Amino acid sequence: MTQTAASADETQPTTKRLAEWKDYVALLKPRVMSLVVFTALSGYLCAGGDHSPILGALSILAIGLGGGAAGALNMWYDADIDGLMKRTQMRPVPAGLIHKDEALAMGLIMSFVSVILLALTAKSYLAAALLAFTIFFYAVVYSMWLKRSTPQNIVIGGLAGALPPLVGWAAASGQMPLNAWLLVAIIFLWTPPHSWALALYKSGDYAAANVPMMPVAKGAASTRLQMLLYSLILVPVAIAPVFTGLGGMIYGAVSAGAGLVFLLLAWRVYRSRAGDTDGREEGRALYSDKAADNRPARDLFAFSLLYLTGLFAALLLEHGLGLYAPIAGLGI
Amino acid sequence: MSKQTDLEFRAAQKRRSVATALALMSFVAIIFVITIVKLQGHALNKPF
């Protein structure tokens, strides 16, 4: 399962232009990095405390650098399979713009710098230790091991993407209480329906690269059911901060309203034939003239991003701008 | 692409890599200077 058709060297160089600054930015997976910074900042502000704002900004910068480092290490290791998938073949390493060794060097140096910087600027060394663990988990446990070996790759590997708010919380306070872990749980449970929604309509890409994503390994119907089950756990967990005192009225409204939409979209995916590719899919497509409609999966993927952004934006508003107002009668 | 052009391209690529490394190091140096100035010797005095 770990064998791929192209060797690493075959992936470069395929183009003859010099790398520009935006190619180096792309190497750091800027969209993932922005989500890391955003959720870490939410965790940082939720923690409160008397941490200096300048050191706080440097701590968030360090976490962002750590996220970028993990992205560069992932691009270094996955250059071979990225070159086989339409979605990723224009990434700077498979496109031949940045050499693999350069991506590795950048990832390692930035990992080191980010952990040291966080150790210096955070309230305690706990945050730096957590950041080092997060980078290790994403680059080694997820990218090198899980991604190519099990359909549970993004479920277990999702922990790496879920940890930034905990790192942010620890940076501000030196502690990691239940509420911080609740934020981790939200992102952890959000990852499977989010990633599998994409995988449902990109399963051909993953199959071509021999990556055992759930729709490739277990089929679209099983994936759709699991997405619904994860969504059913996710939405109540995302509302839980209202009861622990972390989320106030704004958060309560967003988590309840957007949660309901999330469940409806997950139900729609479950009832659809999204990801069904041919007659082998439980024989359903074989007896139907109707082509698989991936729109429900696309809709869920797009809304899932909005959903997570909305939840953490609500926390930012409440704890960053002082708009927190607890819902009367609730709270432990 | 001729051999000469290819060599020139690779040399340009190498120069670009060195420039990127220097820019990254400069950025890191600035960040660490700000950090050290801000911490004023209290960098290591913290709990785990």
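So, a few notes on the structure that sits alongside this text. Positions within a chain are numbered from 1, following the residues in the order the chain's sequence is written. Whichever chain is written first is A, and whichever ligand is written first is 1; the rest continue in order. Local features are withheld for residues below a pLDDT of 70 in this predicted model, meaning they are given only at 70 or higher, and side-chain atom pairs are given and counted only at 80 or more; totals for whole chains, interfaces and linings count all residues. With hydrogens and water stripped out, all remaining heavy atoms of the structure feed into the side-chain values.

1. Here we look at the layout of surface pockets
All names here are of chain A.
Here's step 1: Buriedness of a pocket was judged along seven lines, with at least five required to meet protein on both sides within 12 Å; pockets are open sets of points on a 1 Å grid over the protein atoms alone, cavities are sets where a 1.4 Å probe fits but cannot get out, and lining residues have an atom within 4 Å of a point. Grid points are joined across faces, edges and corners, and a volume is the space filled by probe spheres set on the points. Looking at the largest pocket, its volume works out to about 1,400 Å³.
Here's step 2: In this structure, the largest pocket is lined by 46 residues; those nearest its centre are K29, V32, R91, Y138 and H194.
Here's step 3: For helices the rule is a DSSP run of H or I covering at least 4 residues; for strands it is a run of E covering at least 2, with both sets numbered from the N terminus onward. Residue assignment for the lining of the largest pocket shows that the elements contributing at least two residues are α1 (21–27), α2 (30–47), α3 (53–77), α6 (126–146), α7 (153–162), α8 (164–173), α9 (178–201) and α15 (295–320).
Here's step 4: Across the lining of the largest pocket, the residue classes break down as 26 nonpolar, 14 polar and six charged. Three classes are used: nonpolar for Ala, Val, Leu, Ile, Met, Phe, Trp, Tyr, Cys and Pro, charged for Asp, Glu, Lys and Arg, and polar for all others, with Gly counted as polar.

2. A closer look at the pattern of salt bridges
Residue and element names in this part refer to chain A.
Here's step 1: Any carboxyl oxygen of Asp or Glu within 4 Å of a side-chain nitrogen of Lys or Arg constitutes a salt bridge here. Inspection of every chain in the model, using the stated rule, returns twelve salt bridges over all chains.
Here's step 2: The partner of R148 in a salt bridge is D78, and the shortest N-O contact between them spans 2.9 Å. Of this pair, R148 sits in the loop between α6 and α7 while D78 sits in the loop between α3 and α4 (79–82); the two residues are 70 residues apart in sequence, bridging distant segments of the chain. Residues R148 and D78 agree in their burial class; the two are buried. Relative accessibility thresholds used throughout: buried, under 20% of the residue-type maximum; exposed, over 50%; partly exposed, between the two (1.4 Å probe, protein chains only).

3. Section: α8(A)
Think of an α-helix as turning once every 3.6 residues; residues three or four places apart then point the same way.
Residue and element names in this part refer to chain A.
Here's step 1: Judged by how many residues are buried, α8 sits mostly within the fold: nine of ten residues are covered.
Here's step 2: Considered for burial, the residues of α8 that qualify are P164, P165, L166, V167, G168, W169, A170, A171 and A172.
Here's step 3: G174 sits one or two residues past α8 and shows a positive phi near 75°.

4. Overview of the packing of aromatic side chains
All names here are of chain A.
Here's step 1: Here a pair means two rings of Phe, Tyr or Trp (six-membered ring of Trp) with centres within 6.5 Å. Their orientation is stacked below 30 degrees between planes, edge-to-face above 60, and tilted elsewhere. Under the defined criterion, the tally for this structure stands at eight aromatic pairs over all chains.
Here's step 2: Aromatic side chains F133 and F137 sit 5.6 Å apart centroid to centroid with 40° between the ring planes, which places their arrangement in the tilted category. Taken together, the positions of F133 and F137, both in helix α6 and four residues apart, correspond to about one turn of that helix.
Here's step 3: Among the residues examined, F133 registers a relative accessible area of 38% and is labelled partly exposed.

5. Thoughts on the side chain of S59(A)
Residue and element names in this part refer to chain A.
Here's step 1: Assignment of secondary structure puts S59 in helix α3.
Here's step 2: Accessibility expressed as a relative area gives 0% for S59, which makes it buried.
Here's step 3: In this analysis, two residues are considered to be in contact whenever any of their non-hydrogen atoms come within 4.5 Å of each other. Once residues within four sequence positions are removed from consideration, S59 is found in contact with H51, L118, T121, A122 and A171.

6. Quick word on the interface of chain A and chain B
Here's step 1: Opposite the 29 residues of chain A that make contact, chain B presents 24 residues.
Here's step 2: Taking both sides of the interface into account, the surface hidden between chain A and chain B amounts to around 2,300 Å²; carbon and sulfur atoms contribute 73%.
Here's step 3: Simply put, the buried area is the total loss of 1.4 Å probe accessible area from both parts when two parts are fitted together. If you sort the residues of chain A by the area they bury against chain B, L18(A), L120(A) and Y125(A) come out on top, with a joint share of 29%.
Here's step 4: On inspection of chain A and its partner chain B, the count reaches zero salt bridges.
Here's step 5: The term polar contact refers here to a pair of N or O atoms within 3.5 Å; inside protein, the definition further demands a hydrogen-donor-capable atom paired with an acceptor-capable atom, and it admits residues adjacent in sequence only when both atoms are side-chain atoms. Across the contact surface, chain A and chain B share three residue pairs in polar contact (both at pLDDT 80 or more).
Here's step 6: Looking at the side of chain A that touches chain B, the elements with two or more residues in it are α3, α5 (100–121) and α6 of chain A.

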